[in-house]
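In case you want the letters, here they are:
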Amino acid sequence: QVQLVESGGGLVQAEGSLRLSCAASGRTFSTGAMGWFRQAPGKEREFVAAINWQIGITRYAEPVKGRFTISRDNAKNTVYLQMNALKPEDTAVYYCAARVFGLGSPNLKDYEYWGQGTQVTVSS
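Residues numbered from 1 in each chain as written. Predicted model: local features only at pLDDT ≥ 70, side-chain atom pairs only at ≥ 80, totals over all residues. Heavy atoms only, no water.

Looking at the sheet that holds strand E3 (residues 18–25)
At step 1: Pairing within the open sheet is antiparallel, and its 4 strands lie in the order E1-E3-E8-E7. The open sheet has two free edges, formed respectively by strand E1 (3–7) and strand E7 (68–73), since each of these has just one partner strand. Mean inter-strand twist for the sheet, computed between neighbouring axes without regard to direction, equals 15°.
At step 2: One ladder, built from 6 bridges, connects E7 with strand E8 (residues 78–83); its direction is antiparallel. Within E8, the position partnered with Ser71 by the bridge is Tyr80. (Pairing = 2+ DSSP bridges. Helix = DSSP H or I, 4+ residues; strand = E, 2+ residues; numbered from the N terminus. Axes fitted to C-alpha atoms, helices over the stretch in contact; angles between N-to-C directions.)

Have a look at this one:
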C-alpha cells in the first residue's frame, strides 16, 4: 500500500517562504510522477506543480510560475515544493499525489495515490 505523507506547512507572512515535503513509501517510484495540488475553502482542488521521477520534467500552474519550485530526491522517494514570495491567495491545504506511470499532469484523475494534506496559511 502506497502512503504519501506531507509536511512543512504552517503560518507565514506575505512574501515569506515555506518548503513542503512529501515522503512516499510502500513502493519504489522509478517511473511515473508526483504532483502538488491545493484546495482553498469553498474552492475546488487545483493543480500547482508536478515532476516526473525519471527525468525530472516539471510543469507549473500559471499562478505559481516563478515563485514555486518542485524537486525530487529519488533516493529518498521524496518530493519537495519550495514556495517563495507567498501571497494570501496561496492559502490552502496542499496535497501531494502520485501517478504510477506517465509524466506530471494537471489532471487530478491521473493520480492514483493522495496524501492527507498540509495546511499553508499566508497572512497579509
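Regarding the pattern of salt bridges
Where charged atoms from two side chains of opposite charge come close, those side chains can pair.
At step 1: Summed over the entire model, instances satisfying the criterion amount to 5 salt bridges.
At step 2: Notably, a salt bridge pairs Glu62 with Lys65, separated by 2.8 Å at the nearest N-O pair.
At step 3: With a relative accessible area of 45%, Lys65 lands in the partly exposed category.
At step 4: When salt bridges that share partners are traced, they join Arg38, Glu46, Arg67 and Asp90 into one network. (Salt bridge = Lys/Arg side-chain N within 4 Å of Asp/Glu carboxyl O. Buried < 20%, exposed > 50% of the residue type's maximum accessible area, 1.4 Å probe, protein only.)

Digging into the packing of aromatic side chains
At step 1: Across all of its chains, the model carries 4 aromatic pairs by this definition.
At step 2: Considering the side-chain rings of Phe37 and Tyr111, the 5.2 Å spacing of their centres and the 80° angle between planes classify their relative orientation as edge-to-face. In this pair, Phe37 is assigned in strand E4 (residues 33–39) and Tyr111 in the loop between strand E9 (92–99) and strand E10 (113–114), connecting sequence segments 74 residues apart.
At step 3: Note on Phe37 and Trp114: the rings are 5.0 Å apart at their centroids and 55° apart in plane angle, and the pair reads as tilted. On the criterion of sequence distance, the pair formed by Phe37 in strand E4 and Trp114 in strand E10 is long-range, its members being 77 residues apart.
At step 4: With a relative accessible area of 26%, Trp114 lands in the partly exposed category. (Phe/Tyr/Trp six-rings, centres within 6.5 Å; stacked < 30°, edge-to-face > 60°.)

As for the environment of Val12
At step 1: Residue position: Val12 is located in strand E2 (residues 10–13).
At step 2: For the pair formed by Val12 and Gln1, sequence separation is 11 residues and the distance between their alpha carbons is 34 Å.
At step 3: When neighbours within four sequence positions are excluded, Val12 is seen to be in contact with Ser17, Leu18, Leu86, Thr121, Val122 and Ser123. (Contact = heavy atoms within 4.5 Å.)

With respect to the state of the cysteines
At step 1: Taken as a whole and assessed by the stated rule, the structure comprises 1 disulfide.
At step 2: Between the sulfur atoms of Cys22 and its disulfide partner Cys96 the distance amounts to 2.0 Å. Residues Cys22 and Cys96 share a disulfide whose torsion about the S-S bond is about 50°; that sign makes it right-handed. Taken as a pair, Cys22 in strand E3 and Cys96 in strand E9 lie far apart in primary sequence, 74 residues in all. Assigned by exposure class, Cys22 and Cys96 land together as buried. (Disulfide = S-S within 2.5 Å.)

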